[in-house]
Amino acid sequence: MYIGPHKINGSVFLAPMAGVTDRPFRILCRRLGAALAASEMVGSNPALRETRKSRLKRDHRGEPSPRVVQIAGADPRVMAEAASFNVDHGAEIIDINMGCPAKKVNRRLAGSALLADEPLVARILRAVVGAVDVPVTLKIRTGPSAEQRNAVRIARIAEDAGIGALALHGRTRDQHYRGEAEHQTLAAVRRAINIPLIGNGDITAPADARRLLEVTGCDAVMIGRAAQGRPWIFREVQHFIETGSVLPPPAPGDVQRWMLGHLQALHAFYGPGQGVRVARKHIGWYLQALPGGDAWRRRLMRVERADEQLSLAAEAITAVTAGMNTAAPVAGSAH
C-alpha cells in the first residue's frame, strides 16, 4: 500500500486521538507494530502556533518516517496555510480531520460538522492539496446522522480533489462513540473509490480487524481506544491478519519494559511536572482490568515526583502482571 510516494509496510494504523497520540506514544506504537501513526489534532488557527502545546505537537524528533500531522479547521485558506506550515516543520503526510464528533470542535463547524456542507468540504480539500507537495489524507465518519449518511459522496469528492487515502469511522457524527460501528458504508465507499481506504471503529481484537478487511475490502485498519494501555495490539493484529494465528500474550517483563520506557519518555518530553500528570492516564490504561490494578492506579494518581512514579509503577506492573492480587496495596496507603 502506498500513500503518495510512501510505501506503508503494514496494514494496522494508530488513529489520531486528542491528548493521547503525542510523540512518545506514537514512537512506542510504531515500535510495536503500527505501520502509521498520526499526531493528535492540531488546530489551524495561526494565533495558537507558538503556544507550548502547539510546539510540542509538531515536535517529531526521533519519530520514524512517514510523519503524519492531522490538522483541523473550517476555513480553506487557513487550513492550506496550516498544512504548509506543518510541512515546513517536518510533516510528511497531512491528514485532515473531518471525523471528530467533540462539541468543542463541532461548535466551530470543524471536525465531523463539516460533513453536512459538501461544497465546503470540496473547497477545503482542494485548498490543502494545492498548498503542499506531500500527500494529503482525510478522516471522516459515515455522515452527520443516520438519515444523512453521505460518506460515499464525500469519498468521491475527496478522490476528485487529490486526497491520497481515506480513513472512515463506521459511525455517524451524532452517534459519537455510542452503538456499534457498521461496515456497510465502508464497503460502499470501497466500491466507489480507487484510493486506499482505512477502516476504523470498534477494532479491539485481531479477529475484529481481519473481519473488517474481509467484509469491506478496506486496505488497512485504524485502531484508537483499544491501543490505550495496550500498544502491543498492533503487532498482534498484524500477525493475525498475515497468518491467521494468535500471538501469545506479551511476557510480563516486556510489558514492564514498554510501560516504564513510555513513562520515562513522557517525563523527558513534557518535563517532570507535566510529564507525571500526563503519565497518570496512561498508567491507568496499562493497569485497567489487571489483578489488583485499580488499587495500584489509585495510589499512583497521588504521586507527584517523576522518580517516585517510575519506582511505584515498576512495583505495580510487576505485581499485576504476575497476578499477585495479595500484593495490591490498600487504597490510600503511602509509598
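We now turn to the structure provided with this report.

## Observations concerning the sheet that holds strand E11 (residues 220–223)
Okay, step 1: Spatial strand order, E4-E3-E11-E10-E9-E8-E7-E6-E5: nine strands in an open sheet with parallel pairing. Either end of the sheet is taken by a strand with one partner, and the two such strands are strand E4 (36–37) and strand E5 (42–43).
Okay, step 2: Bridge count between strand E10 (residues 197–200) and E11: three bridges; the pairing is parallel. Among the inter-strand pairings, Asn 200 is bridged to a residue of E11, identified as Met 222.
Okay, step 3: Here helix H6 (residues 151–161) sits on the sheet and contacts strand E8 (136–141) and strand E9 (165–169); the angle it forms with E8, its principal contact strand, is near 170 degrees.

## Points about the nonpolar core
Okay, step 1: Counting 61 residues, the largest nonpolar core has Ile 94, Met 98, Leu 125 and Leu 138 as its most contacted members.
Okay, step 2: Among all residues touching Ile 94, those that are not within four sequence positions of it are Val 69, Ile 71, Ala 83, Asn 86, Val 87, Val 128, Val 134, Pro 135, Val 136 and Thr 137.
Okay, step 3: Leu 32, Trp 258, Leu 263 and Ala 279 belong to the second-largest nonpolar core, a separate cluster that totals 28 residues.

## Quick word on the packing of aromatic side chains
Okay, step 1: Per the stated rule, a full pass over the model turns up three aromatic pairs.
Okay, step 2: Centroid distance Phe 269 to Tyr 270: 4.9 Å. Interplanar angle 80 degrees. Geometry classified as edge-to-face. You'll find Phe 269 and Tyr 270 in the same group, each marked buried.
Okay, step 3: Chaining the aromatic ring pairs together yields one cluster made of Trp 232, Trp 258 and Tyr 286.
Okay, step 4: We note Arg 141 situated over the ring of Tyr 177; from NZ or CZ to the ring centre the distance is 5.0 Å.
Okay, step 5: Over the aromatic face of Phe 240 sits the side chain of Arg 210, whose NZ or CZ is 5.5 Å from the ring centroid.

## Things to note about the pattern of salt bridges
Okay, step 1: Under the definition given, this model contains 19 salt bridges.
Okay, step 2: Between Arg 149 and Glu 182 there is a salt bridge, and its shortest N-O distance comes to 3.4 Å. Remark: Glu 182 occurs in the loop between E9 and helix H7 (184–192) and Arg 149 occurs in the loop between E8 and H6; sequence separation between them is 33 residues.
Okay, step 3: Taken together, the salt bridges that share partners define one network made up of Arg 23, Asp 59 and Arg 61.

## Section: the packing of helix H8 (residues 206–216) against helix H9 (residues 233–243)
The description of two helices packed together rests on the angle between their axes and the distance between the axes.
Okay, step 1: Running from N to C, H8 and H9 point in directions that differ by 50 degrees, and their axes come no closer than 8 Å. Taken together, H8 and H9 sit at an angle that is classed as oblique. Pair H8 / H9 crosses with right-handed handedness. Judged by residue contacts, Pro 206, Ala 207, Ala 209, Arg 210 and Leu 213 of H8 engage Glu 236, Val 237, Phe 240 and Ile 241 from H9.
Okay, step 2: Partitioning the contact of H8 with H9 into residue classes produces seven nonpolar, no polar and two charged.

What counts, and where the lines are drawn
Residues numbered from 1 in each chain as written. Predicted model: local features only at pLDDT ≥ 70, side-chain atom pairs only at ≥ 80, totals over all residues. Heavy atoms only, no water. Pairing = 2+ DSSP bridges. Helix = DSSP H or I, 4+ residues; strand = E, 2+ residues; numbered from the N terminus. Contact = heavy atoms within 4.5 Å. Axes fitted to C-alpha atoms, helices over the stretch in contact; angles between N-to-C directions. Core = buried A, V, L, I, M, F, W, Y, C linked by side-chain atoms within 4.5 Å. Buried < 20%, exposed > 50% of the residue type's maximum accessible area, 1.4 Å probe, protein only. Phe/Tyr/Trp six-rings, centres within 6.5 Å; stacked < 30°, edge-to-face > 60°. Lys NZ or Arg CZ within 6 Å of the ring centre and 35° of its normal. Salt bridge = Lys/Arg side-chain N within 4 Å of Asp/Glu carboxyl O. Parallel < 35°, antiparallel > 145°, perpendicular 65-115°, else oblique. Left-handed = near helix turned anticlockwise from the far one by under 90°. Nonpolar A, V, L, I, M, F, W, Y, C, P; charged D, E, K, R; others polar.

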